[in-house]
Amino acid sequence: MNDSSWGAPSQAGYWGPTDQGHGHGHAHSPGHGHVQGAAPAGPAYDAHEAPQTRPMPTVPDVADHGGNQDDDRGAARLSGSPVRNETNPEPMPDAAEPAPKPQKKSAGRDLSAAIGVGVGLGAVIVASLFVVKAVFVGVIAVAVVVGLWELTKRLDERKGIRAPLVPLALGGAAMVVAGYVRGAEGAWVAMALTALAVLVWRMTEPPENYLRDVTAGVFAAFYVPFLATFVAMMLTADDGAQRVLTFLLLTVVSDTGAYAVGWRFGRHKLAPRISPGKTREGLLGAVSFAMVVGALCMQFLIDDGAWWQGLVLGLAVAVSATLGDLGESMIKRDLGIKDMGTLLPGHGGIMDRLDSLLPTAPVVWLLLVLFVGSG
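This write-up is about the structure you can find in this document. (Residues numbered from 1 in each chain as written. Predicted model: local features only at pLDDT ≥ 70, side-chain atom pairs only at ≥ 80, totals over all residues. Heavy atoms only, no water.)

Moving on, we come to the pattern of salt bridges. Under the criterion given, the structure shown has 10 salt bridges. In this structure, Lys 159 and Asp 334 form a salt bridge, with 3.3 Å as the shortest nitrogen-oxygen distance. Placement of the pair is Lys 159 in helix α3 (residues 133-159) and Asp 334 in helix α8 (residues 307-335), with a sequence separation of 175 residues. The class for Lys 159 is partly exposed, based on a relative accessible area of 38%. (Salt bridge = Lys/Arg side-chain N within 4 Å of Asp/Glu carboxyl O. Helix = DSSP H or I, 4+ residues; strand = E, 2+ residues; numbered from the N terminus. Buried < 20%, exposed > 50% of the residue type's maximum accessible area, 1.4 Å probe, protein only.)

The structure is reproduced here in structure tokens:
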């Protein structure tokens, strides 16, 4: 049933058809006969589906010139015209329809769960970051492996793409460690070896869809562990913990600013075909929040940093984080899913939290190297 069929026609108030005759082989017109079986049998649809259904007014039985009762009332019901009674010749007014209640604007997520999970993750990250750097490298590696598992699982479920997880997980973890130990050179070598391992591992299965599967595998290797390697590379500087903290703060603040401002003031869609919830006002909120926090971080956290560098850094982070979010939205739209996983209540999966962080990591690493050196 389409929406247009819900507009109540004149006979749509009752179930089933009415008799067109009463034994004489012809239909009676209103006022000159009566229609048998025309008593209403109930609404045409359930009451809970039509909260504004008008009640039928009650009228007294009146005999017509032919001695039959209810002819005028039945005809009025069939024709949809107002019913008149003896004491009040004017048409009965429609029942007043209640004004629709204003709907409360929803934030679109379980905020209590999201805040609780976010605080817990933040505590783990900060503790590992400032206690032992090597522990934080392990945290990055675990996040990479879980993210690869979510991505490959969704690709297999929704598209039948079988990117080999084993070489991706092993190569991804090795990539993060290589970036921390050997820098950019180590990261590139580990990336190349991981891609080669994906090609070889897939050879153990039938050749059908080989090119599609290994292409997805190489993409996954670049998208998740290689980009995450730049976080480990930030950590190698003397003020590495402060650099990583700045990177995390700016990305989270950018996301929070976009969410808060967009939810409260958002009117103009940013990319409606990709992510209908994002607005231009939200992007301005992300830029404003990130630039302010960036100036504070560069001034007080980063050795030899200046506040104006923080403004540039905040602007770059807001743009890269938004593009990263839109990029994963494209992936999820192509796969026909809302979230990559359900591991984090209120957030989705690990990949739903890494979407802004991954493309932002190389941007922050590069700008910090240009502003204050590799340290």
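A few words now on unusual backbone geometry. Positive phi, close to 65°, is recorded for Asn 209, a residue that is not glycine. Within the element layout of this structure, Asn 209 appears in the loop between α4 (165-202) and α5 (210-235). Its relative accessible area of 43% is what places Asn 209 among the partly exposed residues. Within the chain, Asp 304 stands out as a residue other than glycine whose phi angle is a positive 65°. Within the secondary structure, Asp 304 sits in the loop between α7 (280-300) and α8. Of the residues examined, Asp 304 reaches a relative accessible area of 71% and is grouped as exposed.

What the rule picks out here adds up to 6 aromatic pairs. A ring pair is formed by Phe 219 and Tyr 223, whose centres lie 5.4 Å apart and whose planes are at 15°; its orientation type is stacked. Here Phe 219 pairs with Tyr 223, and both are found in helix α5, just 4 residues apart, close to one helical turn. Residue classification places Phe 219 among the partly exposed residues on the basis of a relative accessible area of 39%. Here the aromatic residues Trp 188, Phe 222, Phe 226, Phe 230 and Trp 365 are joined through ring pairs into a cluster of three or more. Geometry around Phe 265 places Arg 264 over its ring, the cationic atom sitting 5.1 Å from the centre. (Phe/Tyr/Trp six-rings, centres within 6.5 Å; stacked < 30°, edge-to-face > 60°. Lys NZ or Arg CZ within 6 Å of the ring centre and 35° of its normal.)

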